[in-house]
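What follows is the residue order along each chain.
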Amino acid sequence: MSAEGLERQTRNYLSNNVPQIQQHGGSFEVRDVDEAAGTATVAIGGACSGCGIAPMTMKAIEQRLPESVDGLDDVEVVRAGGPRAAVMPSKTDEMEGMDEYEDYSPPF
């Protein structure tokens, strides 16, 4: 499959399976797809900034996207910069270290 095909499938998955991002004023962007390596980088931003479950949404996307898109083995979700800036890094880092979020499974 081409990188363009992987990018399209990645976008479709996010639009169809994680509609909360856009429904809640957030945004996502498929930044990079490497067909040969089977990797993709997705940036989230917008209203994801300050959202309490954004770090867990990021983790869920990293885990579930490769399971759902053939040819995709690894996904990295990053914070968008500039006007689409996402979660404050200090808040994200703090939440990623909290045990109560370890097994969180968002409803998508």
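The notes below deal with the structure included here. Fair warning: this is a prediction, and the values are worked out from it, not measured in the lab.

**Details of the overall build of the protein**
(1) Moving on: Scanning the protein from N- to C-terminus turns up four helices and three strands.
(2) Moving on: Relative to its 108 residues, the protein shows a buried fraction of 38%.
(3) Moving on: The long-range fraction of contacts in the protein, counting pairs at least 24 apart against all pairs at least 6 apart in sequence, stands at 60%.
(4) Moving on: By element, 43% of the accessible surface of the protein is carried by carbon and sulfur atoms, the whole surface being about 5,900 Å².

**Some thoughts on the nonpolar core**
(1) Moving on: Ranked by internal contacts, the top residues of the largest apolar core, which has 20 residues, are Ile-61 and Leu-65.
(2) Moving on: When residues in this core are grouped by element, the largest group, four residues, is from helix H3 (residues 54-68).
(3) Moving on: Among residues more than four places away in sequence, those in contact with Leu-65 are Thr-10, Tyr-13, Val-42, Ala-60, Leu-72 and Val-75.

**Observations concerning the sheet that holds strand E2 (residues 39-46)**
(1) Moving on: Spatial ordering of the open sheet is given by E1-E2-E3, a layout of three strands whose pairing is mixed. Looking at which strands have only one partner, the edges of the open sheet turn out to be strand E1 (26-34) and strand E3 (74-79). Strand after strand, the sheet turns through a mean of 20 degrees between neighbouring axes, direction not considered.
(2) Moving on: Looking at chain direction, E1 and E2 are connected through eight bridges and run antiparallel.

**A word on the pattern of salt bridges**
(1) Moving on: Enumeration according to the criterion identifies two salt bridges in this entry.
(2) Moving on: The salt bridge involving Arg-11 is made with Glu-7; its shortest N-O contact spans 3.0 Å. Of this pair, Arg-11 and Glu-7 both sit in helix H1 (residues 3-17), four residues apart, which is roughly one turn of that helix.

**Some words on the environment of Val-33**
(1) Moving on: By the secondary structure assignment, Val-33 is in strand E1.
(2) Moving on: Distance from Val-33 to Leu-72, taken between C-alpha atoms, is 8.9 Å for residues 39 residues apart in sequence.

**Some thoughts on H3**
(1) Moving on: For H3, with 15 residues, the first-to-last C-alpha span of 20 Å sits near the 21 Å given by 1.5 Å per residue.
(2) Moving on: Three or more residues of H3 are buried, namely Ala-54, Pro-55, Met-56, Thr-57, Met-58, Ala-60, Ile-61, Arg-64, Leu-65 and Pro-66.

**Some words on the side chain of Thr-10**
(1) Moving on: One can find Thr-10 in helix H1.
(2) Moving on: Among the residues examined, Thr-10 registers a relative accessible area of 0% and is labelled buried.

Rules and cut-offs
- Residues numbered from 1 in each chain as written.
- Predicted model: local features only at pLDDT ≥ 70, side-chain atom pairs only at ≥ 80, totals over all residues.
- Heavy atoms only, no water.
- Helix = DSSP H or I, 4+ residues; strand = E, 2+ residues; numbered from the N terminus.
- Buried < 20%, exposed > 50% of the residue type's maximum accessible area, 1.4 Å probe, protein only.
- Contact = heavy atoms within 4.5 Å.
- Areas by Shrake-Rupley, 256 points an atom, 1.4 Å probe, with all protein chains shown as cover.
- Core = buried A, V, L, I, M, F, W, Y, C linked by side-chain atoms within 4.5 Å.
- Pairing = 2+ DSSP bridges.
- Axes fitted to C-alpha atoms, helices over the stretch in contact; angles between N-to-C directions.
- Salt bridge = Lys/Arg side-chain N within 4 Å of Asp/Glu carboxyl O.
- Expected span 1.5 Å × (residues − 1).

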